[in-house]
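Descriptive structure summary
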Amino acid sequence: MAQRVAMVNNKGGVGKTTTTIRVAEGLAKAGHRVLVVDMDPQGNASRRLGWAYNPDAPQLTISEAIQADAAGAVAQVIQPIGWDVDYATRIALAPARLELENRMSEAGIVGAWRRLTKALEGADNHYAYTLIDCPPSLFHLTQLALAAADCVVIISEPEYDSVEAAVRVRDFVRARAVELANPDLALAGVIVNAKQNLASHADQLASIRELFGDLVWDPVVPHRSLLVDADGDEIPLSEVRGEKANEVRAVYELLAQSLVKAVPVS
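Residues numbered from 1 in each chain as written. Predicted model: local features only at pLDDT ≥ 70, side-chain atom pairs only at ≥ 80, totals over all residues. Heavy atoms only, no water.

**Considering the pairing of strand 4 (residues 91-94)**
- Side-chain alternation along strand 4 places I91 and L93 on one buried face and A92 and A94 on a second face that is also buried.
- Looking at chain direction, strand 2 (residues 34-38) and strand 4 are connected through four bridges and run parallel. Looking at strand 4, one finds that L35 is bridged to A92.
- Sheet topology places strand 3 (residues 79-80) next to strand 4; two bridges connect them, and they run antiparallel. By the bridge assignment, P80 is partnered in strand 4 with A92. (Buried < 20%, exposed > 50% of the residue type's maximum accessible area, 1.4 Å probe, protein only. Helix = DSSP H or I, 4+ residues; strand = E, 2+ residues; numbered from the N terminus. Pairing = 2+ DSSP bridges.)

Here it is in structure tokens:
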């Protein structure tokens, strides 16, 4: 079974989805097979990995897999990604569309928070890592991910609101993991994203290190416009050109190594 990692922050706009897909890319380049589960109804991870919904030939998504409430249902929705590079064959996707919002209405159903866990049973056995891109909340969709995960990685910008939201995630995991029938769920690491050469960012980075200690992974991701361009163009970093391209590729490859070190596969 894959090591399942929930990628979380309680605040939007912190680069969570970018970090998820670029760490997946780094893992794949290192030879690991990775499943990306898109649990955000915005479907940004799905789009950025080159997946597009075809209304003339509708595809099943993670929403239908959860709704099925059946063991292994995710296997029916896993699809290849759209990148045209060799290592892309080592990344697979369980995509999302806006209809995933409908699963929120099931929050009051007994045992509904276990449906992703059940849906993943056996479906990710052939992957080293399953990265679950969560929405910017701690409600039902994220709780589905936390119940299914082996560990949590928090993504935070060095901004006050983002750091405060990261602390909420940490405290939620500590307080509620038992209630999600996942008492061993732990925080594996914190990735700091979009660092700029600002005094306020330096101060907030120091705060993050004080709050989370050795759980803060290096390197810190610098703010680079080429990341925005790569996400918009739905391309892997290996196809990006520019003065800082090699630097950015190296950052995510090192962060992928940090994940492997913190959450080794058996």
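From this point, the narrative continues.
**Focus on the sheet that holds strand 1 (residues 3-8)**
- Taken together, the seven strands give an open sheet; going across it, the order is 3-4-2-5-1-6-7, and neighbouring strands pair in mixed fashion. Sheet topology places strand 3 and strand 7 (186-192) at the edges, where each strand pairs with a single neighbour.
- Contacts from helix 5 (residues 140-148) reach strand 1, strand 5 (129-133) and strand 6 (151-156) within the one sheet, and its direction differs from that of strand 1 by about 150°.
- Helix 6 (residues 160-176) rests against strand 1, strand 6 and strand 7 of the sheet, and its axis sits at about 170° to strand 6. (Contact = heavy atoms within 4.5 Å. Axes fitted to C-alpha atoms, helices over the stretch in contact; angles between N-to-C directions.)

**Here's the deal with the nonpolar core**
- Ranked by internal contacts, the top residues of the largest apolar core, which has 50 residues, are M39, I62, V74, L116, V152 and F212.
- Formed by 44 residues, the second largest nonpolar core is a distinct cluster that contains V23, V85, A88 and Y129. (Core = buried A, V, L, I, M, F, W, Y, C linked by side-chain atoms within 4.5 Å.)

**Quick notes on the packing of helix 1 (residues 16-29) against helix 9 (residues 245-262)**
- Contact geometry for helix 1 and helix 9: axes closest at 8 Å, N-to-C directions at 80°. With respect to helix 9, the element helix 1 is oriented roughly perpendicular. Residues T18, T19, R22, V23, G26, L27 and K29 of helix 1 form the contact with helix 9, whose own contacting residues are R249, Y252, E253, L255, A256, L259 and V260.
- A breakdown of the residues in the contact of helix 1 with helix 9 according to their chemical character gives seven nonpolar, three polar and four charged. (Parallel < 35°, antiparallel > 145°, perpendicular 65-115°, else oblique. Nonpolar A, V, L, I, M, F, W, Y, C, P; charged D, E, K, R; others polar.)

**Overview of helix 5**
- Of all nine residues making up helix 5, eight are buried, and the element is well covered by its neighbours.
- Taken as a whole, helix 5 has its buried residues at H140, L141, T142, L144, A145, L146, A147 and A148.
- Looking at the buried residues of helix 5, the elements they touch are strand 1, helix 3 (62-68), helix 4 (115-120), strand 5, strand 6 and helix 6.

**Side note on the packing of aromatic side chains**
- For the structure shown, the criterion picks out one aromatic pair.
- Lying across the ring of Y127, R33 places its NZ or CZ 4.7 Å from the centre.
- One cation-aromatic arrangement involves R170 over F212; the distance from NZ or CZ to the ring centre is 5.5 Å. (Phe/Tyr/Trp six-rings, centres within 6.5 Å; stacked < 30°, edge-to-face > 60°. Lys NZ or Arg CZ within 6 Å of the ring centre and 35° of its normal.)

**Notes on the environment of S156**
- Relative to the helices and strands, S156 is located in strand 6.
- Given the relative accessible area of 1%, S156 is considered buried.
- Residues S156 and K16 lie 140 residues apart in sequence; the distance between their C-alpha atoms is 7.7 Å.
- Discounting residues that sit within four places of it in the chain, S156 has contacts with N9, S162, V163, A166, I191, V192, N193 and I208.
- A distance of 3.0 Å separates the side chain of S156 from the side chain of S162, its partner in a polar contact. (Polar contact = N/O pair within 3.5 Å; in protein donor to acceptor, adjacent residues only side chain to side chain.)

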